[in-house]
Amino acid sequence: MAKNRFDHTEIEKKAQEKWASLDLYQTDLTDTTKDPYYLMFEFPFPSGDLHIGHWYAFALTDIFARYLRMAGKNVLFPVGFDSFGLPAENAAIKNGKPTPEWTYNAIDTMRGQMRSMGTSVDWSKEVITSDPEYYRWTQWLFLKLFEHKLAERREAPVKWCPKDATVLANEQVIDGKCERCGTDVEEKYLTQWFLKITDYAERLLTDLDPLPWREDIKESQRAWIGKSEGAKLRFQVVSTENATTPSDKPDGSTAIEVFTTRPDTIYGVTYVVLAPEHPLIDTFEPLITNGGAVAAYRQATSRKSERERSENKDKTGVQLEGVMAMNPATREEIPVYVADYVLASYGTGAVMAVPAHDERDFVFAKKFNLPIKHVIDPITGHEQTDPKHKNKIVAVVEHEGKVLTIKWPEELGGRLLVGGTAEEGEDPAVTAAREILEETGYADLELVEQAQEQVHHSYFAFSKNQATIAHTTLLHFRLRSNRMEETQLEADEIGKFTVEWVTPDVARKEIHDDQHQYTLARFTNYSAYTGNGTLSNSGSFTGRDNREAMADIIEAVGGEVRTNYRIRDWLVSRQRYWGCPIPIVYDPEGNPHAVPAEHLPWTLPTDVDSDSGKGQSPLKASKELAARVEQIFGEGWTPECDTLDVFVDSSWYFLRYLDPKDEHDFSNQSLMKKWLPVNRYSGGSEHTTVHLLYARFFYKALYDLGLVPTSEPFYERFNRGLVLDSEGRKMSKRWGNVVNPDEMVKLYGADAVRMYLAFMGPYNEAGHYPWKLTGVEAMRKFLDRIVSLSGRLSDEEPSEATLRVLAKAIDKVGTDITRFKYNTAISGLMVLVNELEALSAVPRRAYHDLISLLAPFAPHVAEYLYENALLTSSHAGAVETIEIPKSVHELEWPLVDESLLTTETIIMGVQIAGKRRGEVSLSLEATEEEAVAAALSQPDVAKFLEGGTPSRVIYVPGRILNLIP
RNA sequence: GCUGGAGUGGUGAAAUGGUAGACACGCCUGCCUUAGGAGCAGGUCCCUUCGGGGGUGGAGGUUCAAGUCCUCUCUCCAGCACCA
């Protein structure tokens, strides 16, 4: 048995009872004597059990809450339950219980478990999203959005999960599968409610910039919003022939609108593609001569899920024969295709295809044998002023799968293809043949291809002292025979290089020159060139930089600048029982009307439950709801039978925390002014995009309606890492490796578990930390050591050395907690304990501070020690203080005596030429002369200086003395 | 593929440009012990001729000084991905 073991079960029970009886954690939100600090973690959904991940989420945020209180803040640290939604519903079905009953039982269990961790949450602020008192206001806010046209109904293709029998939001579809159950998602057309988050795309993006969030969090949100800037261009439709009657023809103004980010490549457009769902296809029907094929293709793709479509990157499609479009730049008639690589839901559902400069169009064009027209010449090298122009060639010569290369010494360019300069007016093919012959001797060549595009290479020719632009023509030859002739080299070239045949792979690896790289790729691995360069084949724009000409081109073809976002409107309708009823009713004509405020909460009927629906909304089966609607609104009126996505519930819960019982408003205006935005919001990385983005949108919408005081809801956002099992695997029920904290708590105590979680690694990083039993044990031993120190208290004042150690620890622990670097904070505590243990007796004052620092991490043990070693001691009794705090958690965070943090003399490293050779004890104010003198008096230093005097001295007082011999 | 982030002992990890590996786990040695899943003391990056030398994925660079800053490169993680 260890010395001084404490009975954690008993002290935890006592401490928790004490805190409850003292009412320690009820925050007075109207208090004006202290700074408010709103600390929040993501409220859990009631899963019915608490695992180590919950501890990590709640107990570790609690450390900061406890610290903040001691540091004199008025801390709001609330909790609630995200109790509507699929997980609860599914669990209830599985357990054969009515959903509400199961949910509220689970909440009750979780409350108890959260108390057992020693969390100091304020239960008086609890919100439960499935309570009518809460969802009444969810409905009220939804109606506000409806009133301002931010909530609207429309028919749309929706993702349908056949297993869960519900519609899913885009964000709940992962790789084309249902986020919850992994079933392949199907598409279905339904009339649904949407919240218009797209209206806020730009603000959600730009308001991200000033937020002090981690870059990866911001980046995820940016990617999700997916802004792209480009243009909307119109392609006039022309029919090739024989529409039956003129009136069947679409009128002359019919045009295909496309969105493109590359309007600069318009001259390279060789066809246009429509998404299979594009409505214009129906309009074109009378013109289409291959209607059967088109209809068949559209039907085939509609049967495919979006997953199947995107999984199979093989491009498919069919031409709309009889329909042509006109390239607005070249006035050429180009074919129109239907292909499912174009998405109906993005941009205009139609694209202009530029095979030469877009990978996807390139693949499609190759497959369907469509023309590839280059309109951008790559530029390589560095821009030069006043350059001389030269025509050059670079040639790929192929023979038996190998490529002819010339190996120069590295300084002359290393491995290259054959290249050379053209003579005035010379045909590039002639130049190439000549250069190949001169350099390699090969004489029997066949020209395979001369590229449409050139490469423009800017460089400075040092040999001629001349800035130069080479306009390089790219050629592709095949060796017809091995016939060779005498090479004709310049005198200075002889013997400098070797001619080598290598595989294209070797050539790709070893050729470093950009022009030659491009040429090689162009003929051996042809693909689209998506980079920038000089426009060619582009009418009056030829020769201009593609980026610079962009705006002019858009104007010239009558297009308009346009920004597009990837984010779609938020589909909030759910065909499920366990959710917030949408407070909408339909008149006999089917028009939606808001349920008037006096009828809120618009309660969820209880005469149906989760499985009443059988694939449609369960509420449709509710007689009570139907009757209620008819009674209030009249005969023929019907209820909306879908419920709201749970992410609506969780988009505003942090507002309700401020005034959870308010019956007149969703929150309290003056409290919102005082407490918002939330100072720090801690959560899991899985909520970075969906929840966090939705909550930001919802809040911004409320801001615009004047309902909340700021434009962003969360000032700081911290994503915590993941706790893995001892093998480093993710914990999951499926693996059966979920760590049950109860056992650990029973064995070592809640405080040891808290401290181990805190000690594993930084809490503010997305790290993955393996759960190790030995680690919890170590924390328990550490706590035992602190407890055993209490047996060696003395009333003597601490020595200066002890005071310094103490000051350092106070400073470090406080700063590190604030930064969510609990691991180094605890290491600071350990250093302190190590020092105190080395003393013959522990000064009571030092112990008092130690216990204060310990309190946020190990609230129960700290309470126990405070009560039994400090409060009850004769010393404490003797002090005539006005009021001694009853709990360790009412203590103030110890003050740091700044003067103790810096010492008068410090040990400073001495470097000779940057290598550490010794150290000197010096005053902070020591002059350079004194420092050098002190250093020179050290034998080691003198030795490394070899007796000489330093030629240079770098002296940074308090940091380093570096002597250069 | 694109965009972000990160690479440091056997492990989790520390290091405002200034003594790399704090603090722990694990391991090793010793003490105490009938015993050890207890406690205590010491050791634990590599090489070494014991003077030192080398070392933070790799290669360069900036600097008196680089884990830290810059360039290139490799690897891993995350988000996005047929988004025009």
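The residue numbers shown here count from 1 along each chain, following its written sequence. Lettering of chains starts at A and numbering of ligands starts at 1, both following the order in which they are written. Residues qualify for local features only when their pLDDT is at least 70, as the model is predicted, and side-chain atom pairs are given and counted only at 80 or more; totals for whole chains, interfaces and linings, by contrast, use all residues. Excluding hydrogens and water, the side-chain figures rest on all heavy atoms present in the structure.

**Considerations on the protein's contact with RNA strand B**
Here a residue is considered near a molecule or strand provided that any single heavy atom belonging to it is located within 4 Å of it. In the vicinity of RNA strand B there are 51 residues, among which Thr 261, Lys 315, Arg 360, Met 760 and Arg 959 approach most closely. Counting only the atoms of RNA strand B within 4 Å of the protein, the fraction contributed by sugar and phosphate is 63%. N or O atoms within 3.5 Å of each other form a polar contact, as long as, within protein, one can give a hydrogen and the other can take it, and as long as residues adjacent in sequence are counted only when both atoms are side-chain atoms. Between RNA strand B and Glu 219 there is a distance of 2.9 Å, counted from a sugar or linking oxygen to a side-chain nitrogen or oxygen. Between RNA strand B and the protein, one listed contact pairs a base oxygen with a side-chain N or O atom of Lys 315 at 2.2 Å. Numbered from the N terminus, helices here are DSSP runs of H or I no shorter than four residues, and strands are runs of E no shorter than two. The leading source of residues in the surface near RNA strand B is helix α25 (residues 822–838), at six residues.

**Here we look at the sheet that holds strand β27 (residues 573–574)**
Spatial strand order, β27-β32-β28: three strands in an open sheet with antiparallel pairing. Lying at the two open borders of the sheet, with one neighbouring strand each, are β27 and β28 (580–581). By the convention used here, strands pair only if DSSP detects at least 2 bridges between them.

**Quick look at the pairing of strand β18 (residues 402–407)**
Across two bridges, strand β17 (residues 388–399) lies against β18 in antiparallel orientation. Pairing of His 399 across the sheet is with Lys 402, part of β18. As paired strands, β18 and strand β23 (residues 498–502) are joined by five bridges and run antiparallel to one another. The residue of β23 that forms the bridge with Lys 407 is Thr 498. Where β18 meets strand β19 (residues 415–416), two bridges bridge the pair, whose relative direction is antiparallel. Bridging from a neighbouring strand, Lys 407 pairs with Arg 415 of β19.

**Examining the pairing of strand β34 (residues 714–720)**
A 1.4 Å probe rolled over the protein chains alone gives each residue an accessible area, and that area as a share of the maximum for its type sets the label: buried under 20%, exposed over 50%, partly exposed in between. A large share of β34 lies buried, amounting to six of its seven residues. Judged from the six bridges that link them, strand β33 (residues 678–684) and β34 form a sheet pairing that is parallel. Within the sheet, the bridge partner assigned to Arg 680 lies in β34 and is Glu 716. As for the winding sense of the linkage, the β-α-β connection from β33 through helix α20 (residues 690–704) to β34 is right-handed. A clockwise course of the path from the first strand over the helix to the second, judged with the strands pointing away from the viewer, identifies a crossover as right-handed.

**Describing the confidence of the model for chain A**
Chain-level pLDDT for chain A is 88 on average; 93% of the residues reach the 70-or-more range. Think of pLDDT as the predictor's per-residue confidence, scored from 0 to 100. Every residue pair with non-hydrogen atoms within 4.5 Å of one another is taken to be in contact. Confidence drops under a pLDDT of 50 for residues 242–248, and excluding neighbours within four residues, the segment shows five contacts in the predicted structure. Segment residues 874–880: pLDDT under 50, and five contacts once partners within four positions in sequence are set aside and those in other chains are kept. Scoring of the predicted complex yields 0.90 for pTM and 0.94 for ipTM.

**Examining empty space enclosed by the protein**
Here a cavity denotes a set of grid points, spaced 1 Å apart and computed over the protein atoms alone, in which a 1.4 Å probe fits but from which it cannot get out, and a pocket denotes an open set meeting protein on both sides within 12 Å along at least five of seven lines; residues with an atom within 4 Å of a point are reported as lining. Grid points are joined across faces, edges and corners, and a volume is the space filled by probe spheres set on the points. Evaluation of the coordinates by the stated rule reveals two cavities of 30 Å³ or more. Size it by volume and the second largest cavity reaches roughly 30 Å³. The wall of the second largest cavity is formed by Phe 6, His 8, Ile 11, Glu 12, Tyr 748, Gly 749, Asp 751, Ala 752, Leu 783, His 860 and Val 861. Secondary structure elements with two or more residues in the lining of the second largest cavity: α1 (8–22), α22 (750–759) and α27 (859–871). Counting residues per element, the lining of the second largest cavity draws most heavily on α1, at three residues. Residue type decides the class: Asp, Glu, Lys and Arg count as charged, Ala, Val, Leu, Ile, Met, Phe, Trp, Tyr, Cys and Pro as nonpolar, and the leftover types, Gly among them, as polar. Considered class by class, the residues forming the lining of the second largest cavity number six nonpolar, three polar and two charged.

**A word on the nonpolar core**
Counting residues in hydrophobic clusters, the biggest one holds 89 residues, and the most contacted among them are Leu 757, Trp 771, Ile 817, Tyr 822, Tyr 847, Ile 851 and Phe 857. Take this core: its biggest share by element is 13 residues, from helix α2 (residues 52–70). Excluding residues within four positions of it along the chain, Phe 857 makes contact with Ile 63, Asp 751, Arg 754, Met 755, Val 813, Ile 817, Tyr 822, Ala 825, Ile 826 and Leu 829. Only buried residues count toward a nonpolar core. Its members are Ala, Val, Leu, Ile, Met, Phe, Trp, Tyr and Cys residues joined through side-chain atoms within 4.5 Å. Tyr 134, Val 572, Val 595 and Val 608 belong to the second-largest nonpolar core, a separate cluster that totals 86 residues.

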